[in-house]
Amino acid sequence: MESTVLNAALSQGIWAVLAVFLLIYVVKSNERFEKKQEEREKQYQELLSALTEKFNILSDIEKDISEVKNYILKE
C-alpha cells in the first residue's frame, strides 16, 4: 500500500512525496508509541495490583492490632 501511495505521490511532485513520506513516518512512529504506552499501562496495572495486596495486608494488621488493644483495655 505504501509503495502505491508513494508512486502516486511521485507523479504529483516532490512536495506530494514529502507529504506522503511524512504521513507514513508519523503513522509508524505513532504505532511504536502506542506499543510502548500499552506496555507502560500494563506495568502500572501490575504495580497497582501489588500495592493493593500490600494495602490489604496492612488492613488485616490494623484489625489485629485493634483486637489486641481492645482485649488489653478490657482487662
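So, a few notes on the structure that sits alongside this text. If you're wondering where the values come from, they're calculated on a predicted model, not measured in any experiment. (Residues numbered from 1 in each chain as written. Predicted model: local features only at pLDDT ≥ 70, side-chain atom pairs only at ≥ 80, totals over all residues. Heavy atoms only, no water.)

Quick look at the overall build of the protein chain
Across its full length, the protein chain holds 2 helices and 0 strands. For the protein chain, whose C-alpha radius of gyration is 29 Å, the value lies well above the compact-globule estimate of 11 Å for 75 residues. When the backbone C-alpha atoms are referred to their principal axes, the protein chain occupies close to 95 × 15 × 10 Å. When the 75 residues of the protein chain are sorted by exposure, 4% land in the buried category. Accessible surface, the protein chain: about 7,200 Å² in total, of which carbon and sulfur atoms supply 62%. The averaged location of the 13 negative side-chain charges in the protein chain is 5 Å from the averaged location of its 10 positive side-chain charges. (Helix = DSSP H or I, 4+ residues; strand = E, 2+ residues; numbered from the N terminus. Rg over C-alpha atoms; globule rule 2.2 N^0.38 Å. Buried < 20%, exposed > 50% of the residue type's maximum accessible area, 1.4 Å probe, protein only. Areas by Shrake-Rupley, 256 points an atom, 1.4 Å probe, with all protein chains shown as cover. Lys, Arg positive; Asp, Glu negative; His and termini not counted. Charge placed at Lys NZ, Arg CZ, Asp CG, Glu CD.)

Here's the deal with the environment of Tyr 25
Along the chain, Tyr 25 turns up in helix 2 (residues 14–74). Expressed as a C-alpha distance, the spacing of Tyr 25 and Leu 48, which sit 23 residues apart in the sequence, is 35 Å.

Focus on the environment of Asn 7
Tracing the sequence through the fold places Asn 7 in helix 1 (residues 2–10). Using a relative accessible area of 52% as the deciding quantity, one classes Asn 7 as exposed. The sequence separation of Asn 7 and Val 17 amounts to 10 residues, and the corresponding C-alpha distance is 8.5 Å.

Let's talk about a negative patch on the surface
Where like charges cluster on the molecular surface, the negative patch consists of Glu 31, Glu 34, Glu 38 and Glu 41. Along the chain, Glu 41 falls in helix 2. Judged by relative accessible area, Glu 41 falls into the partly exposed class, the value being 44%. (Patch = residues over 30% accessible without salt bridge, like charges linked within 9 Å, V, L, I, M, F, W, Y side chains within 5 Å. Salt bridge = Lys/Arg side-chain N within 4 Å of Asp/Glu carboxyl O.)

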